[in-house]
Amino acid sequence: EKDELTLPAEVNFEFSMESHHSGKAAISMYGFDIDEGTIVINSIEFDGRRDAGEDYYFTSQFTSPLIAEMHTGNTNQTVSFDIPQGVYNKIELSFSLGNQNESALLLFGKFQQGPFIEVPVRFEYAFQEQIQVRATDQHGNEQIVLKKDTPSTANVIFNTPAFFQLININMLENAVTVDIEGIQTILINNEVNIDIFNLLATRLDNSMSVIFE
């Protein structure tokens, strides 16, 4: 039985995001959408606890940063781990985001100010950050079963609606725009529209979930 609990189960990581839409007075021509995003990950830590078999912990440091286009699911490298099979009562994952050369998080969308006015929105988080997530299965249970003959998928999902929950249309109407490649854009970072940036930055820690399938 002990040998069985050391056999590897394949776990493949995939990255995605939920799109965000916020309307104004239920009129579709007013509102803003965030539907594109890129996240940069330097390392992933896995901490799995189980009653039968030893607990399992590892850190995977990427040689070059993992860059995931969350709106397409595309990544610049495959992320797959062999993890001892068994029943895990708790799996915690820690993601180390960003570095000196790459912003941890970029989000893109548009602000529809009226029927004929559309302004691009760009959010930049350029700091290094550590985000810890307690994984669940598809039903929200923390107990996760990994089997040696059945590859699992760990879906890392960015919850954009929750991230932008505190941002309303009035804030964007009053936001500063900057010229980016000849287009006036609502840029949100630690130097421009700082009030909006600070509201968003406080929500980053709770913006990701990991669901095992």
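See above for the structure.
On a predicted model such as this, the values are computed, not experimentally measured, just so you know. (Residues numbered from 1 in each chain as written. Predicted model: local features only at pLDDT ≥ 70, side-chain atom pairs only at ≥ 80, totals over all residues. Heavy atoms only, no water.)

Peer 1: Which residues make up the overall build of the protein, and what values go with them?
Peer 2: Secondary structure summary: the protein contains three helices and 17 strands in total. Projecting the C-alpha coordinates of the protein onto the three principal axes gives extents of approximately 65 × 40 × 25 Å. Across the 213 residues that make up the protein, the buried fraction comes to 45%. Excluding contacts between residues fewer than 6 apart, the proportion of contacts in the protein whose partners are at least 24 apart in sequence is 75%. (Helix = DSSP H or I, 4+ residues; strand = E, 2+ residues; numbered from the N terminus. Buried < 20%, exposed > 50% of the residue type's maximum accessible area, 1.4 Å probe, protein only. Contact = heavy atoms within 4.5 Å.)

Peer 1: Can you tell me about the environment of Met208, naming the residues and giving the values?
Peer 2: Its place among the elements puts Met208 in strand S17 (residues 208-212). Overall, Met208 belongs to the buried group, its relative accessible area being 10%. Sequence separation between Met208 and Phe95 is 113 residues; the distance between their C-alpha atoms is 9.9 Å. Met208 has contacts with Ile39, Phe95, Ile131, Val133, Val156, Ile157 and Phe158, leaving out every residue within four places of it along the chain.

Peer 1: How would you summarise the side chain of Asp137 if you had to cite specific residues and measurements?
Peer 2: By the element assignment, Asp137 lies in strand S12 (residues 136-137). For the buried Asp137, no salt bridge exists, and the shortest N-O distance to an oppositely charged side chain is 11 Å, to Lys147. Separated by 2.9 Å, the side chain of Asp137 and the backbone nitrogen of His139 make a polar contact. A distance of 3.0 Å separates a polar side-chain atom of Asp137 from the backbone nitrogen of Gly140. In contact with Asp137, not counting residues within four places along its chain, are Gln143, Ile144, Ile211 and Phe212. (Lys, Arg positive; Asp, Glu negative; His and termini not counted. Salt bridge = Lys/Arg side-chain N within 4 Å of Asp/Glu carboxyl O. Polar contact = N/O pair within 3.5 Å; in protein donor to acceptor, adjacent residues only side chain to side chain.)

Peer 1: I'd like a rundown of the sheet that holds strand S14 (residues 152-159), residues and numbers included.
Peer 2: Each strand in a sheet pairs with another by means of backbone hydrogen bonds, the pair being arranged parallel or else antiparallel. Across the sheet, which stays open at both edges, the five strands sit in the order S6-S1-S14-S17-S12 with mixed pairing between neighbours. Both edges of this open sheet fall to strand S6 (80-84) and S12, since each of them pairs with a single strand only. When strand S1 (residues 8-18) meets S6, the two strands line up antiparallel, connected through five bridges. Following the sheet pairing, Val11 is matched in S6 by Phe81. (Pairing = 2+ DSSP bridges.)

Peer 1: I'd like a description of the packing of aromatic side chains, backed by residues and values.
Peer 2: Counting across every chain of the model gives 14 aromatic pairs. An angle of 10° between the planes, with centres 5.4 Å apart, marks the rings of Phe46 and Phe58 as stacked. Remark: Phe58 occurs in strand S4 (residues 56-69) and Phe46 occurs in strand S3 (residues 27-49); sequence separation between them is twelve residues. Taking the centre distance of 5.3 Å and the plane angle of 65° together, the rings of Phe158 and Phe163 count as edge-to-face. Given the relative accessible area of 2%, Phe158 is considered buried. Among the aromatic residues, those joined into a cluster by ring pairs are Phe32, Phe123, Tyr125, Phe127, Phe158, Phe163, Phe164 and Phe197. (Phe/Tyr/Trp six-rings, centres within 6.5 Å; stacked < 30°, edge-to-face > 60°.)

In short, the description is geometric, and any link to function would need to be established separately.
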